[in-house]
Number of protein chains: 2
Amino acid sequence: MRKEAIERRNEILDAADELFGQKGFDGTSTNDILEKVGIARGTLYYHFKSKEDIMDALIDRYNTQILGAANGIAADKSIAVHERIVRVVMALNISGGNGKEIIDHIHKPQNALMHQKIQKVIINGLPPILTEIIREGIEQGLFSTPYPYECMEMIVAYTNTVFDDDMVDLTDEERAARIPAFIFNVERLLGVESGSLMYMMKMFGSGGEENRNNS
Amino acid sequence: MRKEAIERRNEILDAADELFGQKGFDGTSTNDILEKVGIARGTLYYHFKSKEDIMDALIDRYNTQILGAANGIAADKSIAVHERIVRVVMALNISGGNGKEIIDHIHKPQNALMHQKIQKVIINGLPPILTEIIREGIEQGLFSTPYPYECMEMIVAYTNTVFDDDMVDLTDEERAARIPAFIFNVERLLGVESGSLMYMMKMFGSGGEENRNNS
DNA sequence: TTTTATCGACAGACAGTCGGTCTATTAAGG
DNA sequence: CCTTAATAGACCGACTGTCTGTCGATAAAA
């Protein structure tokens, strides 16, 4: 029954990940985690100093997964700027095959704290990545703004809040109506002609459930 | 010691308001509230069905205070559009003399859930109010956008996230640098000439602590 | 032998419940 | 008009079950 610390740690994180996703952070007791992993209380507190510590470790994992994939794509200068933006954004949905589940976890109303912490990761981590691409685009004459970072920050903040979040309760039609408006606004922010970023529609999936995440 | 239900309810809410502000929602026990009000457990659960129910009632209060003031100003067509926008926004800081304290409460990291719930009130409640003013401005030829609502939504989402929140940790200089960039972006969104909205700087207070809230 | 991982009993705190009490008001009876 | 009984709303506090985090003991590995 004895294992390497790192292995145990990951077992615990895996269990917590699933349980938090099902029942939320507050709704999950440490006993639930103990049972699922098959260890005793003391063991859990040997590996983690508190329940919140487990959540923080989980967020670190997400952080690495989500931003790692985005960073990889952003650095690949062989891809054209427009295409790269789309791919970076879309990578957030599917990085490691579970980005989407992560996002779904977070949206349980019970998980306000975890949600907040992940939002923080994204709002701080994503704009720098996107800004670099935008700067390239500016050099190539594709975009025109004196404030690329703040533009990206605004866009990410918006999509996080309105599209990724349950902050605004949108029907499918309302959501669909927001998309061209959003693209129009992005065009203005980036100083390009109206209609020239319409190709970005594809970031929002084909409808249904895919479009939950796009920041 | 016997009181009208509504009076007791408000006593409890007042106490909870202060305690949540000091120690956060999770950090405040129902016993703390009991002590502060000077009532017994049963009494509290006679008036509220759960601890979270107390928070929800508190948020209703905030909601009324915050949006009520904003609505009042927005409806006053005797004030010029530009000025009215500034006043609506600034009213959020000081409505009822305690808007600022409300905002400060919410920013305690312990209060993630309350924070989220108030953000929801703002992101859903404020854009409609502002949109009406913008529409007036469009009729007067002051602004030009086919999507006034989505513009406001974007602006509110951004200020909520970046300026009002601790999502992005800004030094004073970083904060100061964000302001002209923000105004520039708003100008683009509203389709006005660069520099013409600079008067909005005043919404961000004189620096220091005043500028915590501006959405 | 020392370090690393594990165990499970336990303490302390807390949210919510429940049966019962107290009191003001109203209704009935004298 | 006064007294007494009934009713309902406000209140009480002991109690229950649950949960988190601690600690000393123990076993396995190094």
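Check the entry above for the structure.
All values reported here derive from a predicted model rather than from experimental measurement. (Residues numbered from 1 in each chain as written. Chains lettered and ligands numbered in written order. Predicted model: local features only at pLDDT ≥ 70, side-chain atom pairs only at ≥ 80, totals over all residues. Heavy atoms only, no water.)

## Some words on the overall build of chain A
Right, on to step 1. A tally of helices and strands in chain A yields 9 helices and 0 strands.
Right, on to step 2. Helices and strands in chain A line up, N terminus first, as α-α-α-α-α-α-α-α-α.
Right, on to step 3. The 215 residues of chain A split such that 52% are buried.
Right, on to step 4. Intrachain contacts of chain A at a sequence separation of at least 6 include 64% that bridge at least 24 residues.
Right, on to step 5. By element, 52% of the accessible surface of chain A is carried by carbon and sulfur atoms, the whole surface being about 9600 Å². (Helix = DSSP H or I, 4+ residues; strand = E, 2+ residues; numbered from the N terminus. Buried < 20%, exposed > 50% of the residue type's maximum accessible area, 1.4 Å probe, protein only. Contact = heavy atoms within 4.5 Å. Areas by Shrake-Rupley, 256 points an atom, 1.4 Å probe, with all protein chains shown as cover.)

## Structural notes on empty space enclosed by the protein
Right, on to step 1. Applying the stated rule across the entire model yields 5 cavities of 30 Å³ or more.
Right, on to step 2. Surrounding the largest cavity, 20 residues form its lining, A:Gln119, A:Asp165, A:Met167, B:Asp165 and B:Met167 being those nearest its centre.
Right, on to step 3. Among the elements of the structure, helix H7 (112-139) and helix H8 (148-163) of chain A together with helix H7 (112-139) and helix H8 (148-163) of chain B are those that each provide at least two residues to the lining of the largest cavity.
Right, on to step 4. Here the residues of the lining of the largest cavity are counted per class, giving 8 nonpolar, 10 polar and 2 charged. (1 Å grid on protein atoms, 1.4 Å probe; cavity = no way out; pocket = protein on both sides within 12 Å on 5 of 7 lines; lining within 4 Å. Points joined across faces, edges and corners; volume = space filled by probe spheres on them. Nonpolar A, V, L, I, M, F, W, Y, C, P; charged D, E, K, R; others polar.)

## What to know about the protein's contact with DNA strand C
Right, on to step 1. Residues in contact with DNA strand C amount to 20 residues; listed here are only the nearest, A:Arg8, A:Tyr46, A:His47, B:Thr30 and B:Arg41.
Right, on to step 2. Backbone atoms, meaning sugar plus phosphate, form 61% of the atoms of DNA strand C positioned within 4 Å of the protein.
Right, on to step 3. Side-chain polar atom of B:Thr30 to a phosphate oxygen of DNA strand C: 2.5 Å apart, as the coordinates give it.
Right, on to step 4. At 2.6 Å from a base nitrogen of DNA strand C is found a side-chain nitrogen or oxygen belonging to B:Arg41.
Right, on to step 5. Sort the elements by how many residues they give to the surface near DNA strand C and helix H3 (residues 41-47) of chain A lands first, with 5 residues.
Right, on to step 6. Across the surface near DNA strand C, the residue classes tally to 6 nonpolar, 8 polar and 6 charged. (Near = heavy atom within 4 Å. Polar contact = N/O pair within 3.5 Å; in protein donor to acceptor, adjacent residues only side chain to side chain.)

## Structural notes on the interface of chain A and chain B
Right, on to step 1. The interface is formed by 38 residues belonging to chain A together with 37 residues belonging to chain B.
Right, on to step 2. Interface area, chain A with chain B, both sides summed: about 3200 Å², of which 62% is carbon and sulfur.
Right, on to step 3. It is A:Met154, A:Met167 and A:Arg188 in chain A that bury the most area against chain B; as a group they hold 22% of the surface buried on that side.
Right, on to step 4. Across the contact surface, chain A and chain B share 4 salt bridges.
Right, on to step 5. Linking B:Lys120 and A:Asp169 is a salt bridge whose minimum nitrogen-to-oxygen distance equals 3.4 Å.
Right, on to step 6. Run the count over chain A and chain B and you get 13 residue pairs in polar contact (both at pLDDT 80 or more).
Right, on to step 7. Of all the elements in the fold, those that place two or more residues in the side of chain A that touches chain B are H7, H8 and helix H9 (172-190) of chain A.
Right, on to step 8. Looking at the side of chain A that touches chain B residue by residue, the classes come out as 22 nonpolar, 9 polar and 7 charged. (Buried area = accessible area lost by both parts, 1.4 Å probe. Salt bridge = Lys/Arg side-chain N within 4 Å of Asp/Glu carboxyl O.)

## A few points about the protein's contact with DNA strand D
Right, on to step 1. Taken together, 22 residues lie near DNA strand D, and A:Thr30, A:Tyr45, B:Arg8, B:Thr43 and B:Tyr46 sit nearest.
Right, on to step 2. Sugar and phosphate atoms constitute 62% of the interface atoms of DNA strand D, taking the interface as everything within 4 Å of the protein.
Right, on to step 3. In the model, a base nitrogen of DNA strand D is placed 3.0 Å from a nitrogen or oxygen of the B:Arg2 side chain.
Right, on to step 4. Between DNA strand D and B:Ala40 there is a distance of 3.0 Å, counted from a phosphate oxygen to a backbone nitrogen or oxygen.
Right, on to step 5. Secondary structure elements with two or more residues in the surface near DNA strand D: helix H2 (30-37) and H3 of chain A together with helix H1 (5-23) and helix H3 (41-47) of chain B.
Right, on to step 6. Ranked by residues supplied to the surface near DNA strand D, first place goes to H3(B) with 5 residues.

## Remarks on the packing of helix H1 (residues 5-23) of chain A against H2(A)
All names here are of chain A.
Right, on to step 1. Taken N-terminus to C-terminus, the directions of H1 and H2 make an angle of 125°; their axes are 9 Å apart at the nearest point. Taken together, H1 and H2 sit at an angle that is classed as oblique. Remark: the crossing between H1 and H2 carries right-handed chirality. On the side of H1, the interface is formed by Arg8, Glu11, Ile12, Ala15, Ala16, Glu18, Leu19, Phe20 and Lys23, while H2 contributes Asp32, Ile33, Lys36 and Val37.
Right, on to step 2. Its residues assigned to classes, the contact of H1 with H2 comprises 7 nonpolar, no polar and 6 charged. (Axes fitted to C-alpha atoms, helices over the stretch in contact; angles between N-to-C directions. Parallel < 35°, antiparallel > 145°, perpendicular 65-115°, else oblique. Left-handed = near helix turned anticlockwise from the far one by under 90°.)

## Description of the environment of A:Gln116
Residues and elements named next belong to chain A.
Right, on to step 1. Turning to its location among the elements, Gln116 is positioned in helix H7.
Right, on to step 2. You can call Gln116 buried: its relative accessible area is 19%.
Right, on to step 3. The sequence separation of Gln116 and Asn10 amounts to 106 residues, and the corresponding C-alpha distance is 23 Å.

## Quick word on the environment of B:Arg188
Right, on to step 1. Mapped onto the elements, B:Arg188 comes out in helix H9 (residues 172-190).
Right, on to step 2. The sequence separation of B:Arg188 and B:Ser144 amounts to 44 residues, and the corresponding C-alpha distance is 9.6 Å.
Right, on to step 3. Not counting chain neighbours up to four residues away, the residues in contact with B:Arg188 comprise A:Ser144, A:Thr145, A:Pro146, A:Arg188, A:Leu189, A:Leu190 and A:Gly191.

## Examining the packing of aromatic side chains
In this description, a pair of aromatic rings is defined by centroid distance and the angle of the planes.
Right, on to step 1. Under the criterion given, the structure shown has 14 aromatic pairs over all chains.
Right, on to step 2. Ring centres 5.1 Å apart and planes at 70° place the aromatic pair B:Phe20 and B:Phe25 in the edge-to-face group. This pair shows no difference in class: B:Phe20 is buried, exactly as B:Phe25 is.
Right, on to step 3. Taking NZ or CZ as reference, A:Lys51 lies 4.5 Å from the ring centre of A:Phe25, over its face. (Phe/Tyr/Trp six-rings, centres within 6.5 Å; stacked < 30°, edge-to-face > 60°. Lys NZ or Arg CZ within 6 Å of the ring centre and 35° of its normal.)

## Observations regarding the relation of the copies chain A and chain B
Right, on to step 1. Laying chain A over chain B is done by rotating through 180° and shifting 0.0 Å along the axis; what remains is an RMSD of 0.1 Å. Such a combination of turn and shift is consistent with a two-fold rotation axis.
Right, on to step 2. Residue by residue, 97% of the interface of chain A is reproduced at the interface of chain B, so both copies engage with the same surface. (Least-squares fit on C-alpha atoms with pLDDT ≥ 70 in both.)

In short, shape yes, function no, at least from these values alone.
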